[in-house]
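Fold and contact review
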Number of protein chains: 2
Amino acid sequence: MDGRILMGHGSGGRMMERLIRELIAPAFGMTSLADAADLGPINGRLAYTTDSYVVSPVFFPGGNIGELAVNGTVNDLSMIGAAPRFLTAGFIIEEGFSIEDLSRIVASMAKAADEAGVRIVAGDTKVVERGKCDRIFINTSGVGVIPDGISLGPKRIAPGDAVIVSGPVGSHGMAVMAERNGLSFSPPLSSDTAPLNGLAASMLEAAPDSVKMLRDPTRGGLATIIKEIAVDAGRRITLQERAIPVLPSVRGGCDLLGLDPLYVANEGVLVAVVAADAADAVLSAMRSHRFGKHSAIIGTVDAEAGGAETGGKALLATIAGGTRILDLLTGEQLPRIC
Amino acid sequence: MDGRILMGHGSGGRMMERLIRELIAPAFGMTSLADAADLGPINGRLAYTTDSYVVSPVFFPGGNIGELAVNGTVNDLSMIGAAPRFLTAGFIIEEGFSIEDLSRIVASMAKAADEAGVRIVAGDTKVVERGKCDRIFINTSGVGVIPDGISLGPKRIAPGDAVIVSGPVGSHGMAVMAERNGLSFSPPLSSDTAPLNGLAASMLEAAPDSVKMLRDPTRGGLATIIKEIAVDAGRRITLQERAIPVLPSVRGGCDLLGLDPLYVANEGVLVAVVAADAADAVLSAMRSHRFGKHSAIIGTVDAEAGGAETGGKALLATIAGGTRILDLLTGEQLPRIC
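Source: prediction; values computed, not measured.

**With respect to the nonpolar core**
All names here are of chain A. Ranked by internal contacts, the top residues of the largest apolar core, which has 80 residues, are Phe28, Phe91, Leu102, Ile136 and Leu239. Take this core: its biggest share by element is nine residues, from helix 3 (residues 99–116). Inspection of this core shows a minimum of three residues originating in each of domain 1 (7–146) and domain 2 (154–326). If we skip the residues at most four places from it in the chain, Leu102 touches Ile5, Leu19, Leu23, Phe91, Ile93, Phe97 and Ile136.

Here it is in structure tokens:
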């Protein structure tokens, strides 16, 4: 198939049937075009999530909207300790979108699903008139199974726990912003988009009872997620600015655009809160994983409580020796980053 | 909350947190704002589906995009015999959309979920700049459990089987088209949007082994779905035009706009293929259900095979005494009907 997407590709009729049968179903290995998939028996605690992706531009250094949509949903499941199993994919496509670009996006979704060990089992295609969406939007939902005994969450967080990040922060957001602004860097910026289920599983295997909480700092960045964790746990968390990994090119780009890398989105980074006595074991397991090579302990849960008024506080001990309060992202710093 | 949606409502930061905490989570009864939901143990055959909704206008006679999104996904699960259990909801909202309209949509999603007996357990909110989408798009995905012994599908279809429709066709599509074209009818046209899980369950209960296949004729309408069933089964199906229920106002609207009601979308109608000897029992069960009162036997699976070249054929015995071939919908008759 080639050419461009027409309104008829969303009609429910012959053109849509052909688009799905020839382009989408083969890429995802779907054997049935029924509206719902029968996935056979499942036993266990079910995890379930959804995310829509509206990133602009659709193709950016290090990835595209398709693999972002697969990895993002895989990661949301992984952060509650689930093993991701099945995904759905819903496409909203602007009339006139190139079928070649759609093929590239679908192919990278298939590849990302394969790398994460999940199957895309159901899909949907809608087409809207030119000017009624921005090229292509993709929704993915995902289900996974939470292994027995796994229970992650803020309530388990206690003073002394270590805060670990799995890699340099701000790379995804800066890669998209650089592309949008026509900036280039040497070495080039690249999105960190990656599936984190393998990394999360290796951490839970290394210290099943000591990993207390996982989160992926996407929109809002590291700072927003740390503040959310502090609020949810009702604790005070202090990060050491010196310990937070940021690539030089990301730091340079942020300086240029007036952004704070701690508030810039990540798509292949996780934050873990881990019992102090297991922090080294977990860190070592993370560094052995391809997506955790640059993991670092970046902070601690303080003995001092979070404060009744705020219900949780996040602080940054700066390189300059001062202390800065980290709050939720205010306003919209980086629109349509995912 | 009032006012309009701003880009910050999709930021991942403070404004988004407030929108979800104050407007979306309470409506859906969500107790956690985590990215993925832990749904506890599930045992059984898993059914899984997704659909995105881009209907224009967002509010139409008899419903809105929100209840359509819930009912549509409930229905996709019901058509493979599953009992729908959990839904996700992903919102893509245009900057400037009214928060009051969003509240109305979310409230009708909650009401529809309640009526169908499903829980909306996870969600996502993205905001795009003005002009980058058309007011609001909603994706829903759904999981359900298929009871033991249920196996619906075209392979079970055999000559002599009856084809039953659960109600008048074309109402949803014509209600949307009438609204779009500023037409009014007396009595007024109204979408048929409805959850079909209860109706499907009552049919399977009445004749568990004799209901062979269910489909809901949404985009493409009744004719497209009958052709698809014929192709999938490799059989010839003949419908009796005289037996197909169409409301007079829908027929009038179709005449006015030059549309064929058999190709107009339905959102609360199902088509069943049922063994001949159980057809009356199933019909009677359907007519006892609030969404099946006007059910009718509209055709049969013929003794003659579907034909090797076509791999399945659908015919319409017309009121005038002729025979018309029913094919898949060609082109795009009714854009953005769901």
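**Notes on the sheet that holds strand 13 (residues 323–326) of chain A**
Residues and elements named next belong to chain A. Pairing in this open sheet of seven strands is mixed, and the strands run 8-10-7-11-9-12-13 from one edge to the other. Two strands close off the open sheet at either side, each with one partner strand: strand 8 (211–215) and strand 13. Sheet twist, expressed as the mean angle between neighbouring strand axes with direction ignored, is 25°. Judged from the four bridges that link them, strand 9 (residues 235–240) and strand 11 (residues 296–305) form a sheet pairing that is antiparallel. Within strand 11, the position partnered with Arg235 by the bridge is Ala305. Here helix 8 (residues 279–287) sits on the sheet in contact with strand 7 (162–165), strand 8, strand 10 (271–274) and strand 11, set at roughly 5° to strand 7.

**Brief notes about the domain arrangement of chain A**
All names here are of chain A. The domains assigned to chain A are domain 1 (7–146) and domain 2 (154–326). Each side of the interface is counted separately: domain 1 has 20 residues, and domain 2 has 20 residues. Summed over both partners, the interface of domain 1 with domain 2 buries about 1,600 Å², with 58% contributed by carbon and sulfur atoms. Counting the surface domain 1 buries against domain 2, the share from its top three residues, Pro61, Asn75 and Met79, is 36%. Along the contact surface separating domain 1 from domain 2 lie zero salt bridges. At the boundary of domain 1 with domain 2, the tally comes to eight residue pairs in polar contact (both at pLDDT 80 or more). Counting only elements with at least two residues in the side of domain 1 that touches domain 2, the list comes to strand 2 (59–60) and helix 2 (65–78). The element that contributes the greatest number of residues to the side of domain 1 that touches domain 2 is helix 2, accounting for eight residues. In the side of domain 1 that touches domain 2, the residues fall into ten nonpolar, eight polar and two charged.

**A word on the interface of chain B and chain A**
Contact residues are listed per partner, giving 71 residues for chain B and 71 residues for chain A. Together chain B and chain A conceal approximately 5,600 Å² of surface at their shared face, both sides included; 55% is due to carbon and sulfur atoms. Sorting the residues of chain B by area buried against chain A places Leu46, Tyr48 and Arg219 of chain B first, and these three jointly supply 14% of that buried surface. The tally of links from chain B across to chain A stands at ten salt bridges.

What counts and how
Residues numbered from 1 in each chain as written. Chains lettered and ligands numbered in written order. Predicted model: local features only at pLDDT ≥ 70, side-chain atom pairs only at ≥ 80, totals over all residues. Heavy atoms only, no water. Core = buried A, V, L, I, M, F, W, Y, C linked by side-chain atoms within 4.5 Å. Buried < 20%, exposed > 50% of the residue type's maximum accessible area, 1.4 Å probe, protein only. Helix = DSSP H or I, 4+ residues; strand = E, 2+ residues; numbered from the N terminus. Domains from an automatic or database assignment. Contact = heavy atoms within 4.5 Å. Pairing = 2+ DSSP bridges. Axes fitted to C-alpha atoms, helices over the stretch in contact; angles between N-to-C directions. Buried area = accessible area lost by both parts, 1.4 Å probe. Salt bridge = Lys/Arg side-chain N within 4 Å of Asp/Glu carboxyl O. Polar contact = N/O pair within 3.5 Å; in protein donor to acceptor, adjacent residues only side chain to side chain. Nonpolar A, V, L, I, M, F, W, Y, C, P; charged D, E, K, R; others polar.

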